[in-house]
Amino acid sequence: VQLQASGGGLVQAGGSLRLSCAASGRTFSSYSMGWFRQAPGKEREFVAGISGSGSITYYADSMKGRFTISRDNAKNTVYLQMNSLKPEDTAIYYCAADKSALWVSDRRYLPYAYDYWGQGTQVTVSS
């Protein structure tokens with residue numbers, strides 16, 4: 001599967017952005033999907049994940065209540081709605097996919113558990 005992330009940009013603190021990740025292929029609904037981010041000088045960190053059907057979602061603690069992951073399997077697209085953005089949310093955001101049922105695995109928060117990655121989209125939050 002090939003992934004193409006979009007929707008990043010510059011936003012003021014407290015603002016919102018919605019990221020999209022379009023996937024190729026005909027079996028999109030069978031893939032676990034995740035969003036990760038990487039700030040300069042820092043390791044890539046988990047943001048949010050979603051099951052193939054979209055019925056199960058999970059988040060990093062610092063994103064709960066502010067970020068929402070969703071997917072539209074008819075459009076082969078996963079979304080990340082980000083509200084109440086903070087300067088510390090500034091990073092490159094990556095979408096990732098894996099064929100396994102990561103939503104039931106302890107590995108679901110780990111970058112190496114995902115086999116497919118998009119190119120990333122820059123999110124910059126100004127104070």
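(A) Fine view of the pairing of strand E11 (residues 121-126). Taking every second residue as pointing to the same face, the buried face of E11 carries Thr121, Val123 and Val125, while none of Gln122, Thr124 and Ser126 on the other face is buried. As paired strands, strand E2 (residues 9-12) and E11 are joined by four bridges and run parallel to one another. Its bridge partner being in E11, Leu10 is matched across the sheet by Thr124. When strand E9 (residues 91-98) meets E11, the two strands line up antiparallel, connected through three bridges. Each bridged residue has a counterpart across the sheet, and for Tyr93 the counterpart in E11 is Thr121.

(B) Layout of the nonpolar core. With 36 residues, the main nonpolar core has Met33, Trp35, Leu80, Met82 and Tyr93 as its most contacted residues. Of the residues forming this core, the biggest block, five residues, is contributed by E9. With residues up to four places along the chain from it excluded, the contact list for Leu80 reads Leu17, Arg18, Leu19, Trp35, Val47, Ala48, Phe67, Thr68, Ile69 and Tyr93.

(C) Expanded view of the environment of Pro40. By the element assignment, Pro40 lies in the loop between strand E4 (32-38) and strand E5 (45-50). Taking the C-alpha atoms as reference points, Pro40 and Asp89, 49 residues apart in sequence, are found 12 Å from one another.

(D) Examining the pattern of salt bridges more closely. On inspection of all chains with the given rule, the structure shows four salt bridges. Here Glu45 makes a salt bridge to Arg37, at a shortest N to O gap of 2.6 Å. Residue Glu45 is classed as partly exposed on the basis of its relative accessible area of 33%. By relative accessible area, which is 7% here, Arg37 ends up buried. Between Arg66 and Asp89 there is a salt bridge, and its shortest N-O distance comes to 2.7 Å.

(E) Structural context of the pairing of strand E1 (residues 3-6). Residues Leu3 and Ala5 point to one face of E1 and are all buried, whereas Gln4 and Ser6, pointing to the other face, are not buried. Judged from the four bridges that link them, E1 and strand E3 (residues 17-23) form a sheet pairing that is antiparallel. Bridge pairing in E3 places Ala5 opposite Cys21.

(F) Structural view of the sheet that holds E1. With antiparallel pairing, the four strands of this open sheet are ordered in space as E1-E3-E8-E7. Of all strands in the sheet, those bounded by a partner on one side alone are E1 and strand E7 (67-72). For this sheet the average axis-to-axis angle between neighbouring strands, irrespective of direction, equals 15 degrees. Pairing of E7 with strand E8 (residues 77-82), which is carried by six bridges, proceeds in the antiparallel orientation. Each bridged residue has a counterpart across the sheet, and for Arg71 the counterpart in E8 is Val78.

Criteria and cut-off values
Residues numbered from 1 in each chain as written. Predicted model: local features only at pLDDT ≥ 70, side-chain atom pairs only at ≥ 80, totals over all residues. Heavy atoms only, no water. Buried < 20%, exposed > 50% of the residue type's maximum accessible area, 1.4 Å probe, protein only. Helix = DSSP H or I, 4+ residues; strand = E, 2+ residues; numbered from the N terminus. Pairing = 2+ DSSP bridges. Core = buried A, V, L, I, M, F, W, Y, C linked by side-chain atoms within 4.5 Å. Contact = heavy atoms within 4.5 Å. Salt bridge = Lys/Arg side-chain N within 4 Å of Asp/Glu carboxyl O. Axes fitted to C-alpha atoms, helices over the stretch in contact; angles between N-to-C directions.

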